[in-house]
Amino acid sequence: MKIITTLLLLAFSGYLNAQTIIKGSVRDENSKPLESASVSLVKGTDSIPFKTSMSDKEGHFRFIAVPAGSYQVYISAIGHSPLSSEVFTIGAGLNTFELPVQIMKKQNTELQSVAVVFKKPFIEQKSDRIVVNVDASPANSGTSVMDVLEKSPGVSVDKDGNISLKGKQGVTIMIDDRPTYMTGAQLAVYLKSLPSSAIDQLEIMSNPSAKYDAAGNSGIINIKTKKNKARGFNGSTTMTYTQGEYAKPGGSLNLNYRVNQFNIFFNGGYTYWQGFQNLDINRNYLNAGDKQINSIFTQNTHMIFRSPELNLKVGMDYFLDSKTTLGIVLSGYQNDETNNSQSYISLKDGNKVTDSLVQSFGNMQSLWSNGAMNLNFRRQFDSSGRELTADLDYIYYKSSSSQLFQNNTYDPAMTPLDSNTLSGDLPSTINIYSFKTDYSHPFQHDFKLEAGLKTSFVATDNKANYFNVSGTEYMPDTTKTNYFVYHENINAAYINLTKKYKKWNFQAGLRVENTNYDGHQYGNIYTIKNNDSSFKKSYVNAFPTAYVTYELNDKNTFNFNFGRRIDRPDYGDLNPFLFFLDEYTYQAGNPYLQPQISTNIELSHTYHNALTTTLNYSNTQNFFAETFQQDGHATIVRRGNIGKRESGGLAVSFNMPLTKWWTTTVYMNVNYNHFTGELYGEALNVEAITGMGNMTNMFKFSRGWSAELSGWYRTRGIEGQVYIQPLGQTSAAIAKQIMKEKGSLKLGLRDIFYTQQVRGSIDFQQTEATFYNTRDTRQLSLTFTYRFGKVVQGARNNRHSGGADDESNRLKKGGNN
C-alpha cells in the first residue's frame, strides 16, 4: 500500500504546480488570536462564498489554489460583530498573498439580532452537490421533510413515497452522513412525520465520491439535522399547528450546553400526523387470445390514518485537547400508527353486468421503534486538514403489525353470500453493527489523499402469523404463515485522490465492496417444515469514480463526473411473506431479487455561479422495480428484476437575486427512460420522456417581513410498469421576525389548488388497470420559533453523526401517509 501511494504521489506531484495561497489571521480587540472564526472568500461582489475556512488556535487561516481575480474576505465569530475586508486583487503567477491582520470587535454575549453578512440562499449549487437550506424558505414552515424533498431540485416522490433523483429511483437517504436503515415504505412514513424544523440542510449528490457507500444507483440525499456548536447554554423551540382535512400538531426542542472540555446536546420532537387517502382502482381482465374483456373489477377505498411519532437524540463530545475529540450519540424514535380502511368492490362480467359486490373493512395497528448508539473519534493532526476519524454504530429496529380484515360478499341484490375474517400478526427485528474509519491527508502542491475502511453486519428476523377467524376461534392459516431470517455482511475499502492544477481540479477514486449474505425461509410454525428453503451468495464489486473541473474564468466553470454504483434490495423486499392490503391486493417479497448496478456520467457548465446546465446519462443492469402479477381477480405487488434501463437527461438550474428584495430559483429537467427485459414470461419494452420543474420565489421586505411563492410540476412519466399522469402543486408563505429577532412566526399554505393528485395506468399480463389517488395534501400551517440562551466565543466542529452509510436505507415499514 505504501509503494502504491508513493508512486501515485510522484505521478501527480512531479509535473503539477501550485496556485496562489491567501494567508491571514484574525484577532480580538486585545490582539489575542480568535480560534474557530468562520472565514469566507467571496469573488468580487458575489453574495455566495467561493471558498470557506476556519481559523486555528493561533488565529491563522488560509485559502489554497485561488485563481487570479478580485476578492473579499468575510469573517464571523461567536460573540463578535461580523467583519468584511476591503476588496483585493490576486495577480496571475503570484504564489502567496498575505492579508493584513483582521481585528474583530466584541459583541454583547446575549443572543440577539446580529447583522449577517450574507444569508444563505434557499438553493446552493456546488461542484459536487446541490445544497437546500431549509430555513431559508418560509413555505417550509409546518411541513415535513418529505414536503421539502418534493420541491427540491431534481427530486420527485411517487404515489407510494418512493424518492427519485433526476427521474431515477434507487436514491440512498442518509441522516447526518449515516444511513437510515429503512426501506422505501418505512422511510416514507418517517420522513412524512419528521418536521422540517428539525433539519438544517439537504445535500443532493447525483454522483458521490468513493468516500461514500456505493449504494444508491441514482445518488445520495444527505439530511443534515440542526446542531448548535456555540459555547454556553443555548437552544431553540418550535411549535407548529397544521390543518388539512385533519389537524396535525407538532413541536421540537433543541438544546446545547458547551463548557470547558464538554459539549452536551439534545434534540427532541413530537408530531401527531393524521390524514386520509382515497384510492380508486379499475381493472379490466382480458382473454389470453383475442384480448377481449371478460370481467371488470372496480374498487373504492377510503383510509384514515393516525401516526404519532416521538424522536429523540442526545449526545456528548469530550475534547481531550484542541485536536482530539471523543463523542457518543444516542438516538431513537417511536411511531404508533393506526390505519382504518373501508373498501367497496364490484365484480362485473365482460358486458358490465354486476356479478357480485364485496365490502372490505381493514384495521392495521403498527408500532415501529428504533434505538441507535454511535461512538465516534476524531484526531486533527495539524491545521492543513490532516485528520483521522472513526465511527462505531449499533442500531436496533423492532416492529409489530396487527392486522384484521373482514370481507363480506353479496349478490347484486345485496343478499349475503359469504363472509370471512383474516387476522395477522407480523413481528420483526433487525440488528445492525457497523464500523468505519477515514483518513484524510493534504500534501503540498494542492494534492490530497483520502482512504478508509468499513464493515457492517445485519441480522433480520421476521415472522408472519395469519389466522382465519370464526367467532372467537382463531385457526392458523398454514398457507400464509411464514418465518424468514436473513444475514448480511459488507466489507469495503476506498481510496480517493484530489489534485488542483492551475484552473483544473482532478479527483479520482476507487471503492471495493465485498458482499456476503444468506437467507432461510422456514415455512410456517404450525406444520412440519417441509417448505424450508435457503439461499446464500458472495460477490465483490469495484466502483470507480472520476471528477474533472475546469474554471475557464470567473464566470464559467465546467464539470465532468463519472461513477459506478449499486442498489441492493431492501431487507423487506427479500422477505417472501404476503402482506395483505385487502382481499384482492397484497404485497409479497422476492428472496431471489438481485442488486442493480448503474454507470452514471454527467457533464455540466456553470455561468456566474447562477446558471448551471447539466447533461446526464445512466445505464442500469439488472434493474428492479415494483411489478404486478395477476392471480385470478387478485393482484400481487412485488419487486422484480426487469432487465435494463437506459436514462438520459438535460437539467437547467438558475438561482440569483432579481432585485434587492426578490430572489428566484428555477430548476427544470427533461429525462428519457427506456426499459427493456422480460417480466413473468412477457417481453418488456417501454419508454417515456418526462419533464419536471420547480420554482421558488423569495421576497424580503422591511421590518422583518418575508414571503415565498413556490411550486413544482411533473409531466406524464413512467415508473417501471406504471405510467403516471401529470401532477404538481403550488405553495405560499409569509413570515415575520418578532421579539427582537429571537422569535419568528410563519404562516404557510401548501398545495393551494389541490393539484397533487396521482393518476396512473398499467397493463400487465391479461390485465388493464387505472388508479386515482388523493391524500390530505392541502394544508395550512402556523409555526412559532424561539431562540434563547447565552453564548460565548469559541466553537469547535462537533461530529454528531456516525458512520453507517448504507444499511439503514433498506428496511420495510408500512404506511399510507
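From a predicted model like this one, the values you see are computed outputs, not experimental measurements. (Residues numbered from 1 in each chain as written. Predicted model: local features only at pLDDT ≥ 70, side-chain atom pairs only at ≥ 80, totals over all residues. Heavy atoms only, no water.)

Chemist: In this structure, what is going on with the overall build of the protein? I would like to understand it.
Modeler: Of the regular secondary structure elements, the protein holds four helices and 47 strands. Counting across all 817 residues of the protein, residues that qualify as buried make up 53%. Sequence-distant contacts, at least 24 apart, represent 67% of the contacts inside the protein between residues at least 6 apart. Accessible surface, the protein: about 34600 Å² in total, of which carbon and sulfur atoms supply 57%. (Helix = DSSP H or I, 4+ residues; strand = E, 2+ residues; numbered from the N terminus. Buried < 20%, exposed > 50% of the residue type's maximum accessible area, 1.4 Å probe, protein only. Contact = heavy atoms within 4.5 Å. Areas by Shrake-Rupley, 256 points an atom, 1.4 Å probe, with all protein chains shown as cover.)

Chemist: Explain the nonpolar core to me, please; I cannot follow it from the model alone.
Modeler: Where a protein is soluble and globular, its nonpolar side chains tend to be buried together. One finds L149, I163, L191, I221 and I223 to be the most contacted residues of the largest nonpolar core, which totals 58 residues. Other than its neighbours up to four places away in sequence, L191 contacts S144, V145, M146, L149, I163 and I223. Among the nonpolar cores identified, the runner-up in size contains 18 residues, and L34, I75, A77 and I90 belong to it. (Core = buried A, V, L, I, M, F, W, Y, C linked by side-chain atoms within 4.5 Å.)

Chemist: What is the right way to look at the pairing of strand β32 (residues 556-567) in this model?
Modeler: Every regular strand shows the same layout, with side chains that alternate between the two sheet faces. By the bridge criterion, seven bridges tie strand β31 (residues 533-551) to β32 in an arrangement that is antiparallel. Note that in β32 the partner of A546 across the bridge is F562. Hairpin connection of β31 to β32: four residues between the antiparallel strands. (Pairing = 2+ DSSP bridges.)

Chemist: It is not clear to me how the pattern of salt bridges should be interpreted in this structure. Could you clarify?
Modeler: As a working rule, side chains carrying opposite charge can pair if their charged atoms are close by. In this structure the tally under the stated criterion is 13 salt bridges. Its salt-bridge partner being K224, residue E203 comes within 3.7 Å of it at the nearest N-O pair. With E203 in strand β17 (residues 199-205) and K224 in strand β18 (residues 220-225), this pair connects stretches of sequence that are 21 residues apart. The class of E203 is buried, set by a relative accessible area of 8%. Across the pair K436 and D438 runs a salt bridge whose closest N-O atoms are separated by 3.4 Å. On the accessibility criterion, D438 (9% relative accessible area) is buried. Among the charged side chains, a network of salt bridges with common partners joins D213, K454, R511, E513 and R568. (Salt bridge = Lys/Arg side-chain N within 4 Å of Asp/Glu carboxyl O.)

Chemist: Where do I start with the packing of aromatic side chains in this structure?
Modeler: Think of a pair of aromatic rings as described by two things: how far the centres are apart, and how the planes are tilted against each other in angle. All chains considered together, the criterion is met by 25 aromatic pairs. Judged by centre distance (4.5 Å) and plane angle (40°), the rings of W504 and Y550 are tilted. Here W504 is found in strand β30 (residues 504-523), whereas its partner Y550 is found in strand β31, with 46 residues between them in sequence. Classification of W504 by relative accessible area gives partly exposed; the value is 35%. A residue is classified by how much of its surface remains accessible, and Y550, at 23% relative accessible area, is partly exposed. Above the ring of W273, the side-chain terminus of K248 is found at 5.8 Å from the ring centroid. (Phe/Tyr/Trp six-rings, centres within 6.5 Å; stacked < 30°, edge-to-face > 60°. Lys NZ or Arg CZ within 6 Å of the ring centre and 35° of its normal.)

Chemist: What should I look at first to understand the environment of I490 in this one?
Modeler: Along the chain, I490 turns up in strand β29 (residues 482-501). Taking the C-alpha atoms as reference points, I490 and E513, 23 residues apart in sequence, are found 6.7 Å from one another.

Chemist: Where do I start with unusual backbone geometry in this structure?
Modeler: For D446, which is not glycine, the phi torsion reads 55° and is therefore positive. Turning to its location among the elements, D446 is positioned in the loop between β26 (416-443) and β27 (447-470). A positive phi is found at R703, a non-glycine position, where the angle reads about 60°. For R703, the location among the structural elements is in the loop between β39 (682-700) and β40 (705-714).

Chemist: Looking at this model, I keep getting lost on the pairing of strand β43 (residues 727-738). Mind explaining?
Modeler: Sheet topology note: the β40/β43 ladder contains ten bridges and is antiparallel. Residue pairing in the sheet places W712 in a bridge with Q729 of β43. Relative to strand β44 (residues 743-750), β43 runs antiparallel, the two being bridged by seven bridges. Within β44, the position partnered with I734 by the bridge is L747. Between β43 and β44, which pair antiparallel one after the other, the connecting turn spans four residues, and M739 there sits at a positive phi close to 55°.

Chemist: Help me understand a nonpolar patch on the surface in this model?
Modeler: On the surface, W661, F701, W705, I734, L745, L747, L749, L780 and L782 cluster together to form a nonpolar patch covering roughly 790 Å² of accessible area. In terms of residue count, β44 provides more of the nonpolar patch than any other element does, three residues in total. Secondary-structure assignment places L749 in strand β44. Assessed through its relative accessible area of 31%, L749 is described here as partly exposed. (Patch = residues over 30% accessible without salt bridge, like charges linked within 9 Å, V, L, I, M, F, W, Y side chains within 5 Å.)

Chemist: What's the story with the environment of V540 in this structure? I'm lost.
Modeler: Tracing the sequence through the fold places V540 in strand β31. Assessed through its relative accessible area of 56%, V540 is described here as exposed. Sequence spacing of V540 and N491 is 49 residues, and the spatial spacing of their C-alpha atoms is 9.4 Å. Here V540 is in contact with V512, E513 and N514, once residues within four sequence places are set aside.

Chemist: Would you take a moment to explain the environment of E646 for this structure?
Modeler: In this fold, E646 is placed in strand β37 (residues 634-657). On the basis of relative accessible area, E646 is assigned to the partly exposed category, the value being 26%. Along the primary structure E646 and H674 are separated by 28 residues, whereas in three dimensions their C-alpha atoms are 5.2 Å apart. Setting aside its immediate chain neighbours within four residues, E646 contacts Y617, S618, N619, Y672, N673 and H674. Within the structure, E646 has its side chain in polar contact with the side chain of Y617 (distance 2.7 Å). (Polar contact = N/O pair within 3.5 Å; in protein donor to acceptor, adjacent residues only side chain to side chain.)

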